[in-house]
Amino acid sequence: MLSEENKRKSSFRDFDEAAEHILEMISKQMKINTLFIAKNDGKTNEIIKSRNAEKELVVAGTSLPLENTFCSLSLNYGEEPLVINDISSSELTESLEIAAHFGNGSFIGIPVYFENGDVYGTICGLDNQPFEFLEEHLYTFETMSSLLTYVLELEKANYQIQTLSSPLVPVTTGVAILPVIGEITAQRAQTIIDHILIKTEERNLEYLIIDVSGVSQINTAVGEYLLKLVGILKVIGVTPVITGIQPFMALKVPHFAASLKGILIEANLETALKQLGFVLMQGCSKNSGRP
């Protein structure tokens, strides 16, 4: 049987959800006022997730210079949890401006790393009242730091897979094909959009043929993402061409075809390429005067 931790690992959809679950899990084990996860780039420390029990000590979305945060102390301390039992009397915190806001409260923090050793940020606990840290609390923070590393790598690998599953196939200068294959989830649809926007700018595209003949599943939300991609392409000056629309798409997303009014739609890639002035000859394409 799967352990409770492994069950949670397998149920995380992304880092954001994992971070939320992890703070919830820690809060059940220790009654410290505030738990938070921060990300830093070496200069700025940004609070990604926070959980406050009574007093709101840390707010998600806020940023501070890294050097003026407790997180910087954790990063300098190393791979083990840094414990500060009394913020007001610690030599480590005397130079921090923010320390005065927490009186004789307590802090615990540990770095979160990527697998290659690069720093992502920290996971921390904070209270403006004295808090007694037990050995089990230190072990919990070590475990959750490792779990966050696992999730970060999983998310990175998933993004790479999603990107590879939506390759941009160049045909000639200014023209490329985006073959969309398999089941399209909302997350994958957004990944495709992000990936394609970068590639269209890099390749200076004029036309992008979006072939959806290989799509096995679609719903209203995903249909909206595809329409969003078409709309964005038009705004940035790339002409979208849609091929391979299947009957089930019209049934699942009734307004899909109607929303593509004015967009060049062809039954398959061959007819789309012909419309753009290409003739297929023995497995290769010949430009016969693309407009």
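The residue numbering used here restarts from 1 in each chain and proceeds along that chain's sequence as written. Only residues with pLDDT of at least 70 get local features here, since the model is predicted, and only at 80 or more are side-chain atom pairs given and counted; chain-wide, interface and lining totals rely on the full set of residues. Hydrogens and water molecules were not included; the side-chain quantities draw on all heavy atoms of the structure.

## Digging into the confidence of the model for the protein chain
In low-pLDDT segments, the atomic positions of the prediction should not be examined closely.
Step number 1: Residue-level confidence of the predictor is summarised by pLDDT, bounded by 0 at the bottom and 100 at the top. The predicted model of the protein chain has a mean per-residue pLDDT of 82, with 81% of residues at 70 or higher.
Step number 2: Helix and strand assignments follow DSSP, with helices taken as H or I runs no shorter than four residues and strands as E runs no shorter than two, numbered in order from the N terminus. Here helix α1 (residues 4-11) is the element of the protein chain with the lowest mean pLDDT, 47, and strand β4 (residues 82-84) is the one with the highest, 97.
Step number 3: In what follows, a contact means two residues having at least one pair of non-hydrogen atoms within 4.5 Å. The low-confidence segment residues 1-10 (pLDDT under 50) makes seven contacts with residues lying over four places distant or belonging to another chain.

## Digging into the packing of aromatic side chains
Step number 1: Stacked, tilted and edge-to-face pairs are distinguished by plane angle, under 30 degrees for stacked and over 60 for edge-to-face with tilted covering the rest, among Phe, Tyr and Trp rings (Trp via its six-membered ring) whose centres lie within 6.5 Å. Tallied over the entire structure, the rule returns four aromatic pairs.
Step number 2: Taking the centre distance of 6.0 Å and the plane angle of 80° together, the rings of F114 and Y120 count as edge-to-face.
Step number 3: Look at F114 and you get partly exposed, because its relative accessible area is 23%.
Step number 4: Residue exposure (1.4 Å probe, protein chains only): buried if accessible area is under 20% of the type maximum, exposed if over 50%, otherwise partly exposed. On the basis of relative accessible area, Y120 is assigned to the buried category, the value being 6%.
Step number 5: Relative to F133, the ring of F131 lies with its centre 5.1 Å away and its plane at 55°, an arrangement referred to as tilted. Both residues of the pair, F131 and F133, count as buried.
Step number 6: Grouping aromatic residues by their ring pairs yields a cluster made of F70, F102 and F107.

## Let's talk about helix α3 (residues 70-77)
Step number 1: All buried positions along α3 are accounted for by F70, C71, S72, L73 and S74.
Step number 2: Remark: G78 follows α3 within two positions and exhibits a positive phi of approximately 120°.

## Observations concerning the side chain of T243
Step number 1: Within the fold, T243 resides in strand β10 (residues 239-243).
Step number 2: A polar side-chain atom of T243 sits 2.7 Å from a polar atom in the side chain of D211. Throughout this description, a polar contact denotes any pair of N or O atoms lying within 3.5 Å of each other; where both atoms belong to protein, one of them has to be capable of donating a hydrogen while the other can accept it, and for residues adjacent in sequence the pair is counted only when both atoms sit in side chains.

## Examining the sheet that holds strand β2 (residues 44-52)
Step number 1: A strand pair is defined by DSSP finding two or more bridges across the two strands. The six strands are arranged β3-β2-β1-β6-β5-β4 in an open sheet whose pairing can be described as antiparallel. Looking along the sheet, the strands with just one partner apiece sit at the ends: β3 (63-65) and β4. Each neighbouring strand pair of the sheet contributes to a mean axis angle of 25°, computed without reference to strand direction.
Step number 2: The strands touched by helix α2 (residues 15-29) within the sheet are β1 (34-40), β2 and β6 (119-127), with β2 carrying the most contacts at an inclination of about 55°.
Step number 3: What counts as an axis is a line fitted to C-alpha atoms, over the stretch in contact for a helix, and the angles between N-to-C directions run from 0 to 180 degrees. α3 contacts β1, β2, β4, β5 (106-113) and β6 of the sheet and is inclined by roughly 120° relative to β6.

## Here's the deal with the environment of S90
Step number 1: Mapped onto the elements of the fold, S90 is located in the loop between β4 and β5.
Step number 2: Taking relative accessible area as the criterion, S90 reaches 16% and is therefore assigned buried.
Step number 3: Each C-alpha atom of the pair S90 and N104 lies 9.4 Å from the other, and the pair is 14 residues apart in sequence.

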